[in-house]
Amino acid sequence: MTGSLVRLASRLVTRASIVLLGTVLALPATARAQGAGTGILTGKVTDAASSEPIQGAVIQVVGTQSGALSRSAGTYRVVVAPGRYEVRVRFLGFAMGRDSVTIVAGQTVTKDWSLNRAPVNLNQVVTTGTRRTDRTVLDAPAPIDVFTSEDVKITGRTETAAILQTLAPSVNFPRPSVTDGTDHERPATLRGLDPDHVLVLINGKRRHASALINVNGSVGRGSAAVDLNAIPAEAIDHIEVLRDGAAAQYGSDAIAGVVNIILKTNATPEASGTTGQTNKGDGRVIDGAINTSSTLFGEGFFNVTGEYRNREATNRSRADKRQQYFTGDPRNTSPPFDLVNHRLGDAATKDGLGFFNAGRSLSNGIQVYGFGGLSYREGDAAGFYRRAQDDRTVRAIYPNGFLPLIDSKIWDGAFTLGVKGKVAGFDWDLSSEYGRNTFEFDINHTANVSYGAASKTSFYAGQLGANQWTNNLDFVQAFQVGLASPLNVAFGAEFRRDGYFIKEGEPASYLDGGVKILDGPNAGKQPAIGSQVFPGFRPTDAVNASRNNTAAYVDLETNPIAQLTLGAAGRVEHYSDYTGATSTGKLSARYEVVPGYAVRGTLSSGFRAPSLGQTWFSSTATNFQVIGGVLTPVDSKTFPVTSQQAIILGAQALKPEKSSNLSLGVTAEPFQSFSISVDAYRIFITDRIALTGNFVGDSVRVKLANAGFPGVGGARYFTNAIDTRTEGLDVVANYGFSLPDASTIRLTGGFNRNYTRITRISSTPPALSAQQETLFDRGERGRIERGQPGTNLHLMANWQKHDFGLNVNAVQYGKVGVFTASDKTGASDQTYGAKWITDLSASYQFFHHVTAAVGADNIFNVYPDENKAILSNSGIFPYSGYSPFGYNGAYYYVRFTISR
């Protein structure tokens, strides 16, 4: 039965793709027919208190691509196909207006709107986690956060991931450093799980993940995340964060929840410029963005965003007081023996981003839409400094040592095209999306020691790539079945193709040049091979893999009685690289005990298929690990689980993770403009995929060498080694009120408590136990159980009077901790204390079109606790990359915004 459903889904989506292509090809002819068989919706939007017109209000015809902005006189005009629609009107600082209108072909319908002021809008309509069009935040059966474009703006941040962390207590965005590619694409997490346990959507459509696999010592080690910073903040209308398992509704990855970024449609054109820097004088940011809207072929909408971001590096490393030269060298007692030669902080990046969102209704009732964007990033980050006495230094080139640099070129792009309409009473939506991310490694200020003095100092080390082609066909209809509300029935099918590739670097970046160590106590011995800090990908690493996924789902939702909402969803998926199909389900309920007070809960199963990167990634990287009480550099090789080397060390083929998610909560709206929700959750994940610790014992190296794989300093691979249990609590409160002086105050509070424990660890394979190595060591356990804050408390206050605004945001980031892998006593473990970070900003609007803002992030210049000596690389690295707020200190900025 399951196989039949999957085959049916595959056939449906294949045929749907053909229909989509035909529709696109026929679009010009259809567009020329525009005008016949449409009606016009017109009217005026005013302030209910003053009767003054409102300019810039968004008028949206629900379920269509039609909409408009109110003009300076408050008037608007929308062309739409005949039918009965729900119309919504939104404007910041006012409660949303909503009503139903009937459009008749060839006629004009006038609908005026009088909006009431509301400091806090508690009835935001959401699209995430439901396929009904009337669901709001408070009446949803699962917890959902909604953050508007104004919320995004007042954070002062320019990176989308940092904005999310500032707004949502359940989101963590640490700032790792000296972690190779992760310095350039830093992952965010939800509810303390891995970055790839959260599904990211754009306008409700699945977003592709990055090609980068985070394999070094950072939160999210072993995962590939969506690059949120490839999405310009200026393009965002609002963000919906579903804090609940949703695999049955959206498929693989939605274990922790879903982040749905909704792009602007009809929006007031504006341009903004931001500049700032830290109080240390580094980390300067220059950011410029422009967003504008127009009609599409005279109707519909076309919104486009362009952004340029230039962020300079920061450095919080300290002087390297270690001996720099061979013993007896007189330079050890004279400059430059006590210099800051490392870099610990943000990488330098230059980003160019462009996004668009477009839609139009045609005369035959078909609606065509498209959105997407392209970004390009150049990054510059450092590795560990190689001292003059280091065997990894070619002293003929770098007589005083050198700091190798990883420079990146990252392309990220995705484009979605879709059509939707109505047939036999069903609303249907057919879409196709293609996304691709590539990450090129260029290694500079380096050397391949095995080439001696003839070595180059710059190398092309290769490229990673990931792509995703997703096709969806969805149907939705509400049936009157004699209950308090219609039975909303949704079903659909999906076909997805995932691709992953590794391209080898230039030969000199990985080959052995044949030259032995030239001088020093180890002269004549074999040196490290490959470009220092990141050896190039070898031909044996190169891969071009792909797989297909087919899926079908059904989703039901209704109100049997007015106070009770019930929902059920089921999904079946099949991956071409795994035997059999995976089925998931979800049940949800909400009961309003008395008006304004409700209880809600969900129970769901989920899964996450191993990414192609986790299956096929292969590379060599330098990590520092405590060995025998000394922080020691180790060149470790990540082997694909299918490789002979991994199999020799006990690796087995990866299988999908499975999860169960239980959520129970209460919501209350005791009086106007105040709401609070409390939700407890428990998430079980079995066969969770993790990257093993580094196997660095001499016996492991000998074992691999005897099997024909010499020269491996350390080894690791991916494994389904653990089961975990995550328990937590989310509290969100909103309150807004007006003061007698016509000013308004908006207060927001959020709290997240999160606790993850490993409940099972697989037995160490015989191939490793015989070598006294551990499959999953204490270091990895600490990363999962202690690496993310146990609590986050967010408090925000916003005061607005006429053209002046003041915003205060205070966040307490909870404790994080680190375990050392080799210290079974725990003496080297460390816990970093909770810290309060306070942001302050003020804004003033001039001439109704120009807004100036000044602000300070971390205004009290708070730093995390310093590392113990054993974790600090001889005192050079004072701070941990696990810090959820980084370690840059205070940051000051100025922003100007011009709107039409």
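In what follows, the structure referred to is the one given above.
Residues numbered from 1 in each chain as written. Predicted model: local features only at pLDDT ≥ 70, side-chain atom pairs only at ≥ 80, totals over all residues. Heavy atoms only, no water.

Trainee: Just to check I follow, could you spell out helix H3 (residues 160-167) for this structure?
Mentor: Of all the 8 residues making up H3, 8 are buried; the element is thus mostly covered by neighbouring parts of the structure. Those residues of H3 that fall on the buried side of the exposure criterion are Thr160, Ala161, Ala162, Ile163, Leu164, Gln165, Thr166 and Leu167. (Buried < 20%, exposed > 50% of the residue type's maximum accessible area, 1.4 Å probe, protein only. Helix = DSSP H or I, 4+ residues; strand = E, 2+ residues; numbered from the N terminus.)

Trainee: In this structure, what is going on with the pairing of strand E19 (residues 348-361)? I would like to understand it.
Mentor: Consecutive residues of a regular strand have side chains that alternate between opposite faces of the sheet. With 10 of 14 residues buried, E19 lies mostly within the body of the structure. With 11 bridges connecting them, strand E18 (residues 299-311) and E19 associate as antiparallel partners. Among the inter-strand pairings, arginine 311 is bridged to a residue of E19, identified as threonine 349. Where E19 meets strand E20 (residues 367-382), 14 bridges bridge the pair, whose relative direction is antiparallel. Pairing of glycine 359 across the sheet is with tyrosine 369, part of E20. As consecutive antiparallel partners, E19 and E20 are separated by 5 residues, and within that stretch glycine 365 has a phi angle of approximately 90 degrees, a positive value. (Pairing = 2+ DSSP bridges.)

Trainee: Hey, could you run me through the environment of alanine 545 in this one?
Mentor: Looking at the element boundaries, alanine 545 is found in strand E25 (residues 543-561). Given a relative accessible area of 10%, alanine 545 falls into the buried group. When neighbours within four sequence positions are excluded, alanine 545 is seen to be in contact with Asp498, Gly499, Tyr500, Leu612 and Trp616. (Contact = heavy atoms within 4.5 Å.)

Trainee: Mind showing me how you'd approach the nonpolar core here?
Mentor: Looking at soluble globular proteins, one finds that nonpolar side chains tend to be buried together. The biggest cluster of nonpolar side chains holds 35 residues, and the ones touching the most others in it are Leu164, Leu228, Ile239, Val241, Val259, Ile261 and Leu263. Breaking this core down by element, the ones donating at least two residues are H3, strand E12 (198-202), strand E14 (236-242), strand E15 (257-263), E20 and strand E32 (674-691). Considering each element in turn, this core owes the most residues, 5 residues, to H3. Leave out the neighbours within four places in its chain, and isoleucine 261 touches Thr160, Leu201, Ile202, Asn203, Leu228, Ile231, Ile236, His238 and Ile239. In this structure, Val215, Ile443, Phe537 and Ile689 belong to the second largest nonpolar core, which totals 27 residues. (Core = buried A, V, L, I, M, F, W, Y, C linked by side-chain atoms within 4.5 Å.)

Trainee: I tried to follow the packing of aromatic side chains on my own but got confused; where do I start?
Mentor: How two aromatic rings sit relative to each other is given by the distance of their centres and the angle of their planes. In total, this model carries 28 aromatic pairs according to the counting rule given. Taken together, the aromatic side chains of Phe439, Phe441, Phe534, Phe537 and Phe617 make up a single cluster linked through ring pairs. Note that lysine 420 overlies the ring of tyrosine 369, its terminal NZ or CZ placed 5.6 Å from the centroid. Across from the ring centre of phenylalanine 819, 4.9 Å away, lies the NZ or CZ of arginine 778, which sits over that ring. (Phe/Tyr/Trp six-rings, centres within 6.5 Å; stacked < 30°, edge-to-face > 60°. Lys NZ or Arg CZ within 6 Å of the ring centre and 35° of its normal.)

Trainee: What should I look at first to understand the side chain of glutamate 557 in this one?
Mentor: Assignment of secondary structure puts glutamate 557 in strand E25. Note on glutamate 557: relative accessible area 6%, which makes it buried. Within the structure, the side chain of glutamate 557 is placed 2.9 Å from the side chain of threonine 130, a separation counted as a polar contact. Residue contacts for glutamate 557: discarding those within four places in its chain leaves Thr130, Arg131, Arg132, Arg135, Pro486, Leu487, Asn488, Thr565, Leu566 and Gly567. (Polar contact = N/O pair within 3.5 Å; in protein donor to acceptor, adjacent residues only side chain to side chain.)

Trainee: What's the story with the pattern of salt bridges in this structure? I'm lost.
Mentor: Proximity of charged atoms lets side chains of opposite charge pair with each other. Inspection of every chain in the model, using the stated rule, returns 56 salt bridges. In this structure, the salt-bridge partner of arginine 90 is aspartate 237, at a minimum N-O distance of 3.3 Å. Of the two residues, arginine 90 is situated in strand E5 (residues 83-90) and aspartate 237 in strand E14; the sequence distance between them amounts to 147 residues. Using a relative accessible area of 31% as the deciding quantity, one classes arginine 90 as partly exposed. Its relative accessible area of 15% is what places aspartate 237 among the buried residues. When the shortest N-O distance is used, the salt bridge between arginine 206 and aspartate 253 registers 3.4 Å. (Salt bridge = Lys/Arg side-chain N within 4 Å of Asp/Glu carboxyl O.)

Trainee: How do you make sense of a nonpolar patch on the surface when you look at a structure like this?
Mentor: Residues Ile561, Tyr591, Val593, Val594, Tyr597, Val599 and Val666 make up a contiguous nonpolar surface patch of roughly 560 Å² in combined accessible area. Elements that contribute at least two residues to the nonpolar patch include exactly strand E27 (581-594) and strand E28 (597-608). A per-element tally of the nonpolar patch places E27 first, with 3 residues. Position of tyrosine 591 relative to the elements: it lies in strand E27. (Patch = residues over 30% accessible without salt bridge, like charges linked within 9 Å, V, L, I, M, F, W, Y side chains within 5 Å. Areas by Shrake-Rupley, 256 points an atom, 1.4 Å probe, with all protein chains shown as cover.)

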